[in-house]
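Working through the structure, step by step
One-letter residues, chain by chain:
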Amino acid sequence: MGEGDSTTYSPSSSPHSSFISRFWSSALRTKILTSSLPYDASCRTVSGEALVRRLGLFDLILIGIGASIGAGIFVVTGTVARDAGPGVTISFILAGASCVLNALCYAELASRFPAVVGGAYLYTYTAFNELTAFLVFAQLMLDYHIGAASLARSLAGYVVAILELFPFFTDIPSWIGHGGEEFLGGALSINILAPILLVLLTIILCRGVGESSAVNCFMTVTKVVIVLFVIIVGAFKVDVSNWSPFAPNGFKAILTGATVVFFAYVGFDAVANSAEEAKRPQRDLPIGIMGSLLVCVLLYIGVCLVITGMVPYKLLGEDAPLAEAFISKGLKYVSILISIGAVAGLTTTLLVGLYVQSRLYLGLGRDGLLPAVLARVHPKYHTPLHSQIWVGIVASILAGLFNIHVLSHILSVGALTGYSVVAACVVTLRWNDKTASQVSTRWTSTWQEGVICLLIIAGCGFSAGLFYRFGASFIFLLVAAVIAVLASIALYSRHVYVNPPGFSCPGVPIVPALCVFFNIFLFAQLHYEAWVRFVVLILISMGIYAFYGQYHANPRSSNETIIYHTVPAAAGQ
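Predicted, not measured: the structure shown is a model, and the values here were computed from it. (Residues numbered from 1 in each chain as written. Predicted model: local features only at pLDDT ≥ 70, side-chain atom pairs only at ≥ 80, totals over all residues. Heavy atoms only, no water.)

**Some details on the pattern of salt bridges**
Let me state the cut-off plainly: Basic side-chain nitrogens of Lys or Arg form a salt bridge, by our definition, when they fall within 4 Å of a carboxyl oxygen of Asp or Glu. In this text, helices come from DSSP runs of H or I with a minimum length of four residues, and strands from runs of E with a minimum of two, each type numbered from the N-terminal end. Buried, partly exposed and exposed residues are distinguished by accessible area as a fraction of the type maximum, computed with a 1.4 Å probe on protein chains only: under 20%, between the cut-offs, and over 50%, respectively.
Counted under the stated rule, the structure contains 10 salt bridges. Here R366 and E276 are joined by a salt bridge, their closest N and O atoms 2.2 Å apart. In this pair, R366 sits in helix α12 (residues 332–367) while E276 sits in the loop between α9 (250–261) and α10 (281–310), placing the two residues 90 residues apart along the sequence. An identical accessibility class is assigned to R366 and E276; each is buried. Salt bridges here are not isolated pairs; linked through shared partners, they connect E108, R112 and R430.

This is the structure:
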C-alpha cells in the first residue's frame, strides 16, 4: 500500500434479501486497497474532475497550525493556570505528548492513503466497515458544524471590539456582532456579522485552494508572529518567584488541566484531509501533521511560562488573563496586539474548519452515502463547490440565528471519537497487511479477537475516566489500567504486525492502544449531555444510513477517473 493505492469495494449484498439482512450486509462492506495505479493517476469517483495539487509542505504545516491555534491560546492558558498554577506548563506538555501519539497514528494512515480525500472517515471505511465510517463522519461533522458557528460568533465579537476602538464605531448594537439579540427566552439569538464573515470565507474557499491557502498563510503567520512577540516581550517581565510553588494544588490539578487543554491541540488532523491537494502527499502529509503539532506545543509552553511568570497565578483574570497580565505591567499596546492575534487565530481556525468539512462531504458524496451533488468539483476552480456552499449555509444559519455557545459543552465528542477510531485503524490495517498475502482459516476469529481487545481497552479507559472524575478509590483506577495492559499484551502477542511502506507509527500496537485508552478517558470527562449527544447522533445516523445510505452507496457504478491537476513549476515555486 502507499503511493500505488486506488480504491475498489467488496461486493454488496443481494437485492432480494430482507431489510435487516441487506442492512447488515451493506453496513459491513469495506473499501479494499489494491496497488495498480500511481497515486496521482487514478481513483474512482462520480466526477471526471478533481482537486488541484497545489499545497506544499509549508502550506500543510500552516493548515495544521491554523486549525489548532485560535484565540484560545490567549485565554485557555490563563484559565487553566488559575487551578494548576505554574504547573499548567506540565499540563500542556502531557496533553501535547498525548496528541503526538495520536498524530503518529494519523501520520501513518495519511501516508497509506495519499491520494484520496476523507481522513478518519476513509481510514475507518477501509479498516472496519461502511456503517462505522458513516457514524464516525456524523460525529465529526456535528463537531465541525457547531464549532464553525461558535467560532464565527467569537470572531464577530472580536471584530466589533476592534472596531469600537475607533471613535466613529461606538455603541454598535448587540445584534450586529456582540453576542446577539436574544428572543424566545434565549433560544434564538440574532447575529448579523457572523454569517457575513462566513459568507466571505466561503467565497474565498470556493475560489480555489490557492486563494484560501494564501489567506490562511498570511493570517497564520500573523498569528504566530504575534504569539512569539508576546512571549519575547513577556519574558522580560517574568518574575521567577511567581513559579514557586510550581504545583500548588498537587499533581491531580495538573492532570485535570491536561484533560482540559488537550482540546487546545485538536486540529492537526485537518492536514490529513488535504490528501488530494498536496503536491507530494505521501511524504508531506506525515511531516505536516507532526510539524504543525510540535510548533503548537512549543508555542503553548512558551505562553504558559510567560503568563505564570508575569503574574501570580491566583491573580490571573478569567476572561482575558493574558491581556490583563500585560495591562498590569503597563503594556496596554500588547493587549491590542493580542486582540489582533485572536482575530487572526479565529479566522484561520474557521477557514480550515470550513475547508475540512467540504472535503469530508466530497468523500461521502463520491461513495454515494450522501447525494452525489456534493461530489461535484468545479471544472475551473477545482473545488467541491456544492459541498463548500452547503457547509457555509449550515454554519451561517447556526451562527446567525442560534446562541450556539450554549452547545459548546457537547463539542469534542467527534474529535475524541475520530482519534480513537484512527488509532484502532492503525492496528487493524497492520493485520490486513498480513492477511493480504497469507490466507488463513483463523483470520476472521483472530481479527474479531483483536477488535474485542481494542474494545476492552476503550472500556477500561472510560471506566478509569469515570473513577477519576467522581473521585473513586485509586484501586479502581489501577484495576482498569491493569486490564487495559493485559488486553494490550494480548494484542501484541496474538498478532503479527507488518510495517507498511511510507511513514510507520512506532510501537504498534502499544502506541495506538495508549491513544485509545487516553482518548476514551477524556471522553469520560465530558459533560453528560455530550454522552447523550453521542448516543442520539448514532441512532439518527443509523436511521439515515438505513433509509438512504445503504441504497445509494454504489461504489462500482462509475468507471470514470479523477483527473489530477498539478501546479505548473513556475506557479509552485
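Having put the structure on the table, let's press on.
**Describing the nonpolar core**
To keep it simple, the criterion reads: Residues belong to one nonpolar core when they are buried, are Ala, Val, Leu, Ile, Met, Phe, Trp, Tyr or Cys, and are joined through side-chain atoms within 4.5 Å. Pairs of residues are marked as contacts when any of their non-hydrogen atoms sit within 4.5 Å.
Core analysis: the biggest nonpolar cluster contains 167 residues, and F92, Y106, Y123, F137, Y265, F326 and L354 have the highest contact counts within it. Broken down by element, the residue count for this core peaks at 16 residues, all from helix α6 (residues 130–163). Beyond its immediate sequence surroundings of up to four residues, F92 is in contact with V76, T77, V261, A264, Y265, Y300 and C304.

**Some words on the side chain of E108**
Among the secondary structure elements, E108 is positioned in helix α4 (residues 88–112). Not counting residues up to four positions away in its chain, the partners in contact with E108 are V426, R430, P500, F503, S504 and C505.

**Quick look at the environment of G345**
Mapped onto the fold, G345 is located in helix α12. On the accessibility criterion, G345 (0% relative accessible area) is buried. Expressed as a C-alpha distance, the spacing of G345 and A71, which sit 274 residues apart in the sequence, is 5.4 Å. When neighbours within four sequence positions are excluded, G345 is seen to be in contact with G66, I69, G70, A71 and K223.

**Side note on the confidence of the model for the chain**
Spelled out, the test is: For every residue, the pLDDT score states the predictor's confidence, bounded by 0 at the bottom and 100 at the top.
Of all residues in the chain, 86% attain a pLDDT of 70 or more, and the chain-wide mean is 85. When pLDDT is averaged over each element of the chain, helix α17 (residues 510–523) comes out on top at 96 and helix α19 (residues 569–572) at the bottom at 41. Contacts of residues 35–48 to residues separated by more than four positions or lying in other chains number 57 contacts, the stretch itself having pLDDT below 50. Note that residues 434–441 has pLDDT below 50 and, in this model, 3 contacts with residues that lie over four places away or in other chains.

**Regarding a nonpolar patch on the surface**
Keep this limit in mind: Two joining distances apply to patches: 9 Å for like charges and 5 Å for nonpolar side chains (Val, Leu, Ile, Met, Phe, Trp, Tyr), and every residue must have over 30% relative accessible area and no salt bridge. For every accessible area listed, the method is Shrake-Rupley and the probe measures 1.4 Å; residues are considered covered only by the protein chains on display.
Among the surface-exposed residues, F19, I20, W24, L28, F547 and Y551 lie close enough to one another that they form a single nonpolar patch of about 690 Å² accessible area. Looking at the nonpolar patch, the elements with two or more residues in it are α1 (19–27) and α18 (528–552). Per element, the largest residue contribution to the nonpolar patch is 3 residues, and it comes from α1. Structurally, the position occupied by I20 is in helix α1. Classification of I20 by relative accessible area gives exposed; the value is 57%.

**So, α10**
Let me state the cut-off plainly: A helix is expected to span 1.5 Å multiplied by its residue count minus one.
End to end, α10 covers 43 Å across 30 residues, agreeing with the expected 44 Å (1.5 Å per residue, within 8%). Taken across its 30 residues, α10 has 23 buried, putting it largely inside the fold.

**Considerations on α18**
Rule in force here: Axes are fitted to the seven residues ending at a residue and to the seven starting at it; the angle between these axes is taken as the bend at that residue.
Taking 1.5 Å per residue, 25 residues should reach 36 Å; α18 reaches 35 Å between its end C-alpha atoms and fits that length. The principal kink in α18, of about 50°, is found at Y545. Where α18 is concerned, the buried positions are A530, R533, L537, S541, Y545, A546, G549 and Q550.

**Quick notes on the environment of V421**
As for its placement among the helices and strands, V421 is situated in helix α14 (residues 413–437). Remark: the alpha-carbon pair of V421 and A133, spanning 288 residues in sequence, is separated by 9.3 Å.

**Quick notes on unusual backbone geometry**
A negative phi angle characterises most non-glycine residues, just as the trans form characterises most peptide bonds. The omega torsion across S244 and P245 is 0°, close enough to zero to call that bond cis. Residue P509 is reached from V508 by a cis peptide bond, and omega for that bond is 10°. Mapping P509 onto the fold places it in the loop between α16 (474–494) and α17. In this structure, H382 takes a positive phi of about 55° despite not being glycine. Even without being glycine, S412 reaches a positive phi, approximately 80°. For S412, the position within the fold is in the loop between α13 (385–401) and α14.

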